[in-house]
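In case you want the letters, here they are:
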Amino acid sequence: MKLGISGQALGEVMDFESIVDVAAKYGIKNFELWPCNVRGTGFGYRDRDIHEICEIVKRREITIDCVTMEAAFCEQAVETPEYYAELLMGAVDAAVAVGAKLVNHYCYFINLSEEPDFARMEAYWSRPLAYAKERGVTLVLENEAHDATRRPELTRAIVEHFHDPAFLTNLDAANYFHASQEGFPAAYEILKPYIGYVHLKNACLPRAGAGQPKENEGAPMSGIFEGRNIQYAPLPDGSVNIAGLLTRLMEDGVYTGTCTLEPHTEPQCVEGFYERESRWLRRMGFFNN
């Protein structure tokens, strides 16, 4: 496995090449691309200068493993299945252009309720899935705390409904904690056959008087801890057993791709996360890159 970083964390405050410079300080050359990293406007990638990113990839000798399309979090982007499908297929085109084999996407406004609406999902995802397969790209659905992927059993049911090796899940164990679920071992074991990508971050419960940094406070949790704002933390400092997850990934060999750091904090604190997390991960022997 390799260690990567998401372009989201610093994408609103610096351009992509500057993010590459930051990653180089921590020996990281693998990336997840977001629309905010690509010069241009509008949802998705089709009105953005993906060729500039291709030039950076070649010149800096870096790898983009995954292209993310976050438009499902905007109601306007999911007004019709046809419009959303075009956006997701645009992300597939961007992935092909930069050499990525994965497109990370979300459920959110497509299916906010806990009960999966498979017919609605098919309307939004079937055409992009067929297009992704044609272009040699895998769609990886990221679990979130407030939609139909909030429990690992639900995510598995969605992936199994599409029954296609080009439709897998992006396992984010901390997002399951956000939903008051067990990110490891339960989520890992339930989803093990369908893991196509992995996000690494950590979190804990808020505690009055604990001096937890306000800049690491996130959105309200769902499930039994509903109403309490999740408190994000560097990987070694949170509640989720990230070391256990990585150990099992290595032992089982079910996923050998890039594990992407995704700190949820204010931009001025991001490098502090990268420094502590990359040092800890290498000291534990999980990554050499």
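Residues numbered from 1 in each chain as written. Predicted model: local features only at pLDDT ≥ 70, side-chain atom pairs only at ≥ 80, totals over all residues. Heavy atoms only, no water.

Draft legend 1. The arrangement of the overall build of the chain in detail. Within the chain, the secondary structure is distributed over ten helices and eleven strands. In terms of overall size, the chain behaves like a compact globule, its C-alpha atoms giving a radius of gyration of 18 Å where 289 residues would be expected to give roughly 19 Å. If one aligns the C-alpha atoms of the chain with their principal axes, the spans along those axes are about 50 × 45 × 35 Å. Across the 289 residues that make up the chain, the buried fraction comes to 53%. In the chain, of all internal contacts separated by at least 6 residues, the share reaching a separation of at least 24 is 76%. (Helix = DSSP H or I, 4+ residues; strand = E, 2+ residues; numbered from the N terminus. Rg over C-alpha atoms; globule rule 2.2 N^0.38 Å. Buried < 20%, exposed > 50% of the residue type's maximum accessible area, 1.4 Å probe, protein only. Contact = heavy atoms within 4.5 Å.)

Draft legend 2. The arrangement of the sheet that holds strand β7 (residues 195-200) in detail. Spatially, the eight strands close up into a barrel ordered β1-β2-β3-β4-β5-β6-β7-β11, and their pairing is parallel. On average, each strand axis in the sheet is tilted by 30° relative to the strand beside it, whichever way the strands run. Where strand β1 (residues 2-6) lies against strand β2 (residues 30-33), three bridges are found, and the strand directions are parallel. By the bridge assignment, Gly-4 is partnered in β2 with Asn-30. Strands in contact with helix α4 (residues 81-98) are β3 (63-68), β4 (102-105) and β5 (138-142); relative to β4, the strand with the most contacts, it is inclined by about 145°. (Pairing = 2+ DSSP bridges. Axes fitted to C-alpha atoms, helices over the stretch in contact; angles between N-to-C directions.)

Draft legend 3. View of the side chain of Ser-222. In this fold, Ser-222 is placed in the loop between β9 (217-220) and β10 (229-233). Note on Ser-222: relative accessible area 5%, which makes it buried. Contacts of Ser-222, omitting those with residues within four sequence positions, involve Ala-145, His-146, His-178, Ala-179 and Ser-180.

Draft legend 4. Representation of unusual backbone geometry within the structure. In the segment running from Phe-184 into Pro-185, the intervening peptide bond is cis, with an omega of 10°. Inspection of the secondary structure assignment puts Pro-185 in helix α8 (residues 183-191). We note that Ser-180 has phi near 65°; this positive angle belongs to a residue other than glycine. With respect to the helices and strands, Ser-180 occurs in the loop between α7 (173-178) and α8. What makes Ser-180 buried here is its relative accessible area of 19%.

Draft legend 5. Representation of the pattern of salt bridges in the model. Summed over the entire model, instances satisfying the criterion amount to 22 salt bridges. One salt bridge connects Lys-192 with Asp-252, and the closest N-O pair in it is separated by 3.7 Å. In this pair, Lys-192 sits in the loop between α8 and β7 while Asp-252 sits in helix α9 (residues 242-252), placing the two residues 60 residues apart along the sequence. Judged by relative accessible area, which is 32%, Asp-252 ranks as partly exposed. Between Arg-279 and Glu-275 there is a salt bridge whose closest N-O contact spans 2.8 Å. One end of the pair, Arg-279, and the other, Glu-275, are both in helix α10 (residues 270-283), four residues apart, so they sit about a helical turn from each other. One connected set of salt bridges, linked through shared partners, spans Glu-17, Asp-21, Glu-55, Arg-59 and Arg-60. (Salt bridge = Lys/Arg side-chain N within 4 Å of Asp/Glu carboxyl O.)

Draft legend 6. Examining the pairing of β3 more closely. With five of its six residues buried, β3 lies for the most part within the structure. When β2 meets β3, the two strands line up parallel, connected through four bridges. Within the sheet, the bridge partner assigned to Glu-32 lies in β3 and is Cys-66. Handedness of the β-α-β unit built from β2, helix α3 (residues 50-60) and β3 comes out right-handed. In this sheet, β4 lies alongside β3 in parallel orientation, the contact comprising three bridges. Paired with Cys-66 across the strands is Leu-102, a residue of β4. At this point the chain moves from β3, through α4, to the parallel β4, and the crossover so formed is right-handed. (Right-handed = clockwise from strand over helix to strand, strands pointing away.)

Everything listed is a geometric property; what it means functionally is a separate question.
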